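# Geometric and topological summary
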Amino acid sequence: MGTVSDAEKKPAVIFVLGGPGSGKGTQCANVVEHFGYTHLSAGDLLRAEIKSGSENGTMIQNMIKEGKIVPSEVTIKLLQKAMQESGNDKFLIDGFPRNEENRAAFEAVTKIEPAFVLFFDCPEEEMERRILSRNQGREDDNIETIRKRFNVFLESSLPVVEYYESKGKVRKVDAAKSVEEVFEAVKAIFTPKEEKVKHHSYAISPCIENNLTLKVSLYASFKKLLQTFSFLIGSIVAIQLPFISRVLNAIRILLKGYREELSFSDTYGPPVTETSLEHNKKVAV
Ligand SMILES: Nc1ncnc2c1ncn2[C@@H]1O[C@H](COP(=O)(O)OP(=O)(O)OP(=O)(O)O)[C@@H](O)[C@H]1O
Ligand SMILES: O=c1ccn([C@@H]2O[C@H](COP(=O)(O)O)[C@@H](O)[C@H]2O)c(=O)[nH]1
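Residues numbered from 1 in each chain as written. Chains lettered and ligands numbered in written order. Predicted model: local features only at pLDDT ≥ 70, side-chain atom pairs only at ≥ 80, totals over all residues. Heavy atoms only, no water.

## Some remarks on the overall build of the chain
Rules: By the criteria applied, helices consist of DSSP H or I runs no shorter than four residues and strands consist of E runs no shorter than two, each listed in order from the N terminus. For every residue, the accessible area (1.4 Å probe, protein chains only) is compared with the maximum for its type, and the residue is labelled buried under 20%, exposed over 50%, or partly exposed between those bounds. Two residues qualify as a contact provided that any one of their heavy atoms is within 4.5 Å of a heavy atom in the partner residue. For every accessible area listed, the method is Shrake-Rupley and the probe measures 1.4 Å; residues are considered covered only by the protein chains on display.
What the chain contains, in helices and strands, is eleven helices and five strands. Every one of the 285 residues in the chain was classed for burial, and the buried ones make up 31%. Partitioning the contacts of the chain with sequence separation of at least 6, the portion at a separation of at least 24 is 73%. Accessible surface computed for the chain: about 19,100 Å², of which carbon and sulfur atoms make up 58%.

The following block contains the structure:
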């Protein structure tokens, strides 16, 4: 079996989908910061194309004003160019594919299937509230275009989510919560399973981790050694207790005898031996 060279390796792609104003761009920025992906917003690339004065500029501008979907080949070319220029090999493609035709064309042209689809699920009233207070000067952030965009999302974009759902590739997040809460849910999706078990979701650099592991295992070995040693001493003392008490008792008796002997000689002269008794008898006679 042949190996795949670096040049042939396909980049990892994650499609980020959700209604207008669901928070896709906000969360993509967080993922970039924490997980090293390159964020490609299809909408941003199209707006940059308008600004660049390209021949497609006017067509794109009109489509965006109406909340309509720009032809696949235009968007896919912009995405491919941005991927090549990035130098990265993992991408968050935000706001694309917007319909079945976008999806099929992207897969056919690039031969890339997404690793998964990150889907931001948010109620319409919340999305509307967020877009109306966004204040970024976007031509399509007005109530008339917002309604059109919502309809396009329901009719054309949701079927794409359903398609990937049928392939088990959708990771749905409740996007109605705060930015921080939504990111917690996003983080859990991007953190590999084994890391969640190992670190309970906080990241330690491998160097610090090795150092810590070494210290922890040294401490554990030392503790074990200490426990074994005190267990041994305890066992010896327990087993030898009768013997030790007999030795102590003997020492006590010896000392007692010696003390009595000392006090006897102090009061009555030299210790009484058989010879001295005999001597005394002789003296008395
Ligand atoms: N969880 C959140 N809670 C409250 N406000 C949010 C939340 N996430 C994003 N916002 C705000 O809502 C607005 C829309 O967010 P954002 O631009 O990230 O959405 P989007 O899905 O990328 O929108 P679009 O598809 O229209 O480009 C922004 O002003 C953003 O600051
Ligand atoms: O793949 C795409 C992405 C976007 N559009 C058009 O741009 C606007 C704005 O998109 P945002 O994702 O909200 O920035 C969208 O309403 C479409 O008109 C597109 O055609 N194809």
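So much for the structure itself; the text now carries on.
## A word on the site of ligand 2
Note the cut-off: Proximity is defined per residue: if any heavy atom of the residue lies within 4 Å of a molecule or strand, that residue is considered near it. Counted as a polar contact is a pair of N or O atoms within 3.5 Å, where, for protein atoms, one must be capable of donating a hydrogen and the other of accepting one, and residues adjacent in sequence contribute only when both atoms are in side chains. All amino acids are sorted into three groups, where Ala, Val, Leu, Ile, Met, Phe, Trp, Tyr, Cys and Pro are nonpolar, Asp, Glu, Lys and Arg are charged, and the leftover types, Gly among them, are polar.
Inspection of the region around ligand 2 gives 17 residues, with Arg47, Lys68, Val70, Arg98 and Arg138 positioned closest. Between an oxygen atom of ligand 2 and a side-chain N or O atom of arginine 47, the distance comes to 2.9 Å. Taking lysine 68, its main chain carries an N or O atom lying 2.6 Å from an oxygen atom of ligand 2. Calculation on ligand 2 without its partners gives an accessible area of 450 Å², and the protein chains cover 96% of this total. Of all the elements in the fold, those that place two or more residues in the shell around ligand 2 are helix H2 (42-51) and helix H3 (57-66). The element that contributes the greatest number of residues to the shell around ligand 2 is H2, accounting for four residues. In terms of residue class, the shell around ligand 2 is made up of seven nonpolar, four polar and six charged.

## Digging into the UniProt feature "binding site: a ribonucleoside 5'-phosphate" (unreviewed entry) in the chain
Note the threshold: UniProt positions are given in the numbering used here, feature names are shortened, and annotations may be inferred rather than shown by experiment.
Using the residue numbers shown here, the UniProt feature "binding site: a ribonucleoside 5'-phosphate" (unreviewed entry) corresponds to Arg47, Lys68, Ile69, Val70, Gly95, Phe96, Pro97, Arg98, Arg138 and Arg149. By the secondary structure assignment, lysine 68 is in the loop between H3 and helix H4 (72-86). One can find arginine 149 in helix H7 (residues 143-166). In this view, arginine 149 contacts Pro20, Gly67, Ile131, Arg134, Arg138, Asp140 and Asp141; residues no more than four positions away in its chain are not counted.

## Details of the sheet that holds strand S5 (residues 170-174)
In a beta sheet, neighbouring strands are held together by backbone hydrogen bonds and run either parallel or antiparallel to one another. Cut-off, in case you're wondering: Between any two strands, pairing holds if DSSP finds at least two bridges. Only the stretch in contact is used when a helix axis is fitted, and all axes are lines through C-alpha atoms; the angle between N-to-C directions ranges over 0 to 180 degrees.
Spatially, the five strands line up as an open sheet ordered S2-S3-S1-S4-S5, and their pairing is parallel. Edge positions in the sheet fall to strand S2 (38-41) and S5, since each of these pairs with one other strand and no more. The sheet shows a mean angle of 20° between the axes of neighbouring strands, taken without regard to direction. Pairing geometry for strand S4 (residues 116-121) and S5, over five bridges, is parallel. Paired with phenylalanine 119 across the strands is lysine 172, a residue of S5. Across the sheet, H2 lies against S2 and strand S3 (90-94), angled at about 65° from S2, the strand it touches most.

## Some words on the side chain of aspartate 94
For the record, the criterion: Within this scheme the basic residues Lys and Arg register as positive and the acidic residues Asp and Glu register as negative, but His and the chain ends are omitted. Should a side-chain nitrogen of Lys or Arg be within 4 Å of a carboxyl oxygen of Asp or Glu, the pair is scored as a salt bridge.
By the secondary structure assignment, aspartate 94 is in strand S3. Buried and unpaired, aspartate 94 has no salt bridge, with lysine 24 as the nearest side chain of opposite charge at 4.8 Å. Within the local environment of aspartate 94, its side chain forms a polar contact with the side chain of histidine 39, the two groups lying 2.9 Å apart. Filtering out sequence-adjacent residues up to four positions away, aspartate 94 remains in contact with Val16, Lys24, Gly25, Cys28, His39, Leu40, Ser41 and Ala42.

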